[in-house]
Structure formats: structure tokens, C-alpha cells
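Here's the letter readout for the chains.
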Amino acid sequence: MRLSLVGLKQAQPLFKFRVNMDSLGQLGFLGRSHRRREKEKVVFVIGATGTGKSKLSIDLATRFAAEIVNSDKMQVYEGLDIATNKVTEEERSLVRHHLLGVVDPDSDFTAVDFRREATRALDSVLSQGKLPIVAGGSNSYIEALVDDEKHEFRSRYQCCFLWVDVSLPVLHSFVSNRVDQMVKGGLVEEVRRMFDPEADYSRGIRRAIGVREMDRYFREENKLDQAARERVLAEAIDEIKSNTIKLSYRQLNKILRLQRLSGLNIQRLDATAVFLKQGREAEEAWEDHVIGPAAAIVNNFLINNAVARATLGFATKAPAAAMAAAATTIMAGATQ
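Scope of this entry: the structure provided in the associated data block. Because the structure is a prediction, the values reported are computed rather than measured. (Residues numbered from 1 in each chain as written. Predicted model: local features only at pLDDT ≥ 70, side-chain atom pairs only at ≥ 80, totals over all residues. Heavy atoms only, no water.)

Let's shift gears to the pattern of salt bridges. Within the structure shown, the criterion is met by 24 salt bridges. One salt bridge in this structure joins lysine 130 and glutamate 67, with 3.2 Å as the shortest N-O distance. Taken as a pair, lysine 130 in the loop between helix H5 (111–127) and strand S4 (131–135) and glutamate 67 in strand S2 (residues 66–70) lie far apart in primary sequence, 63 residues in all. The class for glutamate 67 is buried, based on a relative accessible area of 3%. Ionic pairing is found between arginine 92 and aspartate 81, a salt bridge with its closest N-O pair at 3.9 Å. Remark: aspartate 81 occurs in the loop between S2 and helix H4 (89–92) and arginine 92 occurs in helix H4; sequence separation between them is 11 residues. Among the charged side chains, a network of salt bridges with common partners joins Asp81, Lys86, Glu89 and Arg92. (Salt bridge = Lys/Arg side-chain N within 4 Å of Asp/Glu carboxyl O. Helix = DSSP H or I, 4+ residues; strand = E, 2+ residues; numbered from the N terminus. Buried < 20%, exposed > 50% of the residue type's maximum accessible area, 1.4 Å probe, protein only.)

Set out below in C-alpha cells:
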């Protein structure tokens, strides 16, 4: 499943939250003292790798006056656009992105660095009267941002979390196919340009999946005949697929951790049906199961509708039973 973002019409925002919050106050829905205490609103889009976080964040940003703050710890670095699966230049033209491809690839951008820079980005977006959408798969970054030691973030911001979830067997099949498409798109050549036999794979962008896995191939390719080269390359690609699947388990485990943190409003959106369809049917499933419900959730979040979750039947806060089942699946997969 690959739903194109290119050519998406820049729709008029459905909701300019700061203006409308003031209007609600003028109409008497909010008292003067409540308006003074109103926290700034931030939307988070989370999920395992390959679930459609980037598409959802861009789709939302075109429906609401919003900008996107990247929270993927490899996509913050400059370079390796294919390996790190960054959105394309055409997709970026649809909406402004912050913290995307801006950090020196040889440096270490820590969770503390992210918290500092993300907070600056949020304030920049909010100062323009726009909605910040934090999107990415690095939940450790999100935890560092939301649960800082002094609780400054929660005292300033009110958060809505959208969790894009896909059945693991379906997701893993998609991820495997996506790696094949990345290879066809130039992954090997891209990583080769960064290859350094003396490189430290524990620092910077070289921690990205697809870099370390290619090391043996680059070291040995000139010493092998064609059959051997093809075999070693195939082994490297299989390792990339395997490590990407392992990453999805870790990411889901961290989402469960986020879910356990008190006060977090996490709404689960099941996108599995989208991945089981193609073309127009996939687009329709995306509208029905993901962007439609997500837009409704965000709209209710922005107008501070306290009964939103009770009235939305198509997306709900993940129940304890579902979370427990997910945890069991993750543990089973982690032992395979």
C-alpha cells in the first residue's frame, strides 16, 4: 500500500483553533477565567514504522492550519533520505516540516536535544496561530518531550495522541515489500556513498537501519564473483527487513508504555483495511478508517469537546483488553 501525497489539494483549513477558541469564549461557551487557563493544543501522530504516520500528519495539516514537527530520531539527520524513508520534496511542499534533515549526520542528537529543539519548534508554530503536529516513530523522543522531570510540558500543553495501528502480519508483509522498493529506488547506492570502513555505527545517522547491514557487502563486493555478490547482497537486504520488523515490535512496546502514562489521551486508528486494498479502494479505506476519524478527533480536541470520545464510535481510546492482547503479540514476536 502506497497512498500518494503528491497532488493532494491544499484544502482550506477546517478549523483555525486559536481564532475559534476566542470565538467560543465570546459566545459564552467558555468563561473568562477558563480562557486564561487554556493550554496550547498539540497533536501527536505515533505508530510503528510503515503504518502511514507521515501521510496522516500531512493530510491533517492540509485540513487544519498546521505545521509538522518531526520526531523520528533518524530523520532529523541530513542525508540518507531513502534509508530513513523521509517524505519527498514534493510532499514537504504541501506543508512546512520542522526538525527534518537538519542535523549533522555525524553528530549525536539526543533526547535532551530533541526536547529543546522540539519545544522551540512548537512555540514557533503556535506563535503563528497554527496547530503543531508532532509525527514520528521514535517514542523515546516523545516520552522525553512529554514527561520532562519538571513537568513543564504538561503544564503548558494539552495533547491529543493519534496512534496509527496495523495488524502485525499485514504490516510486516508491507514492510518487507517496502524494503524491496527502497532497494529499487537506490538504497544500496545511497548507503555506499556514506560507507566508511572506519565508521562508528553507534553514532549519528549511521545507526539507521540499512547502514550497518550493508557493511559486509561493501567490504567484500570487489573480492567476490557475481553469484557470491548477489548472495551477500540478498543476505544484507534480508537483514534490513528483519531488523525493520524488530523495530516495529520495539515501537509498539513503547506505545504501550506511553499508554500507561497517566493523563495521555491516545486514540487508536486501525489502518489494517487500507493495507489490504489497492488503488481507489485503498484511498477510500484511508478516508473511512484513518483520516476521517482522525480529523473528527482533532476537531473535537481543538474545541475542547469533553464528550468527543463517547460520541466517536470509529476510533476510541485503546481499551485495556486490546492493549493486553497487543502486549502478548509483541512478546511472542520478540522471541521469534
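Alright, that's what it looks like, and here's the rest.
Within the structure shown, the criterion is met by 1 cavity of 30 Å³ or more. Taken together, Val191, Met194, Phe195, Tyr201, Arg206, Val211 and Phe218 make up the lining of the largest cavity. Class assignment for the residues of the lining of the largest cavity results in 6 nonpolar, no polar and 1 charged. (1 Å grid on protein atoms, 1.4 Å probe; cavity = no way out; pocket = protein on both sides within 12 Å on 5 of 7 lines; lining within 4 Å. Points joined across faces, edges and corners; volume = space filled by probe spheres on them. Nonpolar A, V, L, I, M, F, W, Y, C, P; charged D, E, K, R; others polar.)

Before going further, it helps to examine the environment of tyrosine 157. Along the chain, the position of tyrosine 157 falls in strand S5 (residues 157–165). Classification of tyrosine 157 as buried rests on a relative accessible area of 3%. Separated by 35 residues in the primary sequence, tyrosine 157 and leucine 122 have C-alpha atoms spaced 9.9 Å apart. With sequence-adjacent residues up to four places away left out, tyrosine 157 is seen in contact with Lys39, Glu40, Val42, Thr119, Leu122, Asp123 and Leu126. Here the side chain of tyrosine 157 touches aspartate 123 through a polar contact of 2.6 Å, side chain to side chain. (Contact = heavy atoms within 4.5 Å. Polar contact = N/O pair within 3.5 Å; in protein donor to acceptor, adjacent residues only side chain to side chain.)

Turning our attention to the nonpolar core. Of all hydrophobic cores here, the largest spans 89 residues; its most connected members are Phe44, Leu56, Leu60, Ile133, Phe161 and Leu162. Looking at which element gives the most residues to this core, the answer is helix H13 (residues 279–302), with 10 residues. With near-sequence residues (within four places) excluded, leucine 162 lies in contact with Val43, Phe44, Val45, Ile46, Leu56, Leu60, Gln267, Leu269, Ala294, Ile297 and Val298. (Core = buried A, V, L, I, M, F, W, Y, C linked by side-chain atoms within 4.5 Å.)

Turning to helix H3 (residues 53–63), a few remarks are in order. With 9 of its 11 residues buried, H3 lies for the most part within the structure. When we look at burial in H3, the residues that qualify are Lys53, Lys55, Leu56, Ser57, Ile58, Asp59, Leu60, Ala61 and Thr62.

Quick look at the packing of H5 against helix H6 (residues 139–146) now. At their nearest, the axes of H5 and H6 sit 9 Å apart, and the two run at 65° to each other. With respect to H6, the axis of H5 lies roughly perpendicular. Crossing of H5 against H6: the hand is right-handed. Here Ala111, Phe114, Arg115, Ala118, Thr119 and Leu122 of H5 come into contact with H6, specifically with Tyr141, Ala144 and Leu145. Here the residues of the contact of H5 with H6 are counted per class, giving 7 nonpolar, 1 polar and 1 charged. (Axes fitted to C-alpha atoms, helices over the stretch in contact; angles between N-to-C directions. Parallel < 35°, antiparallel > 145°, perpendicular 65-115°, else oblique. Left-handed = near helix turned anticlockwise from the far one by under 90°.)

Here lysine 39 lies in the loop between helix H2 (32–37) and strand S1 (40–47). Sequence separation between lysine 39 and tyrosine 157 is 118 residues; the distance between their C-alpha atoms is 5.1 Å. Those residues in contact with lysine 39 that lie beyond four places of it in its chain are Arg154, Ser155, Arg156, Tyr157 and Gln158. Separated by 2.7 Å, the side chain of lysine 39 and the backbone oxygen of arginine 154 make a polar contact.

Now for the packing of aromatic side chains. For the coordinates displayed, the defined rule picks out 8 aromatic pairs. Considering the side-chain rings of tyrosine 217 and phenylalanine 218, the 5.8 Å spacing of their centres and the 55° angle between planes classify their relative orientation as tilted. When the ring centre of phenylalanine 301 is taken as origin, the NZ or CZ atom of lysine 41, which lies over that ring, is 4.8 Å away. Here arginine 268 stacks its cationic end above the ring of tryptophan 163, 5.9 Å away from the centre of that ring. (Phe/Tyr/Trp six-rings, centres within 6.5 Å; stacked < 30°, edge-to-face > 60°. Lys NZ or Arg CZ within 6 Å of the ring centre and 35° of its normal.)

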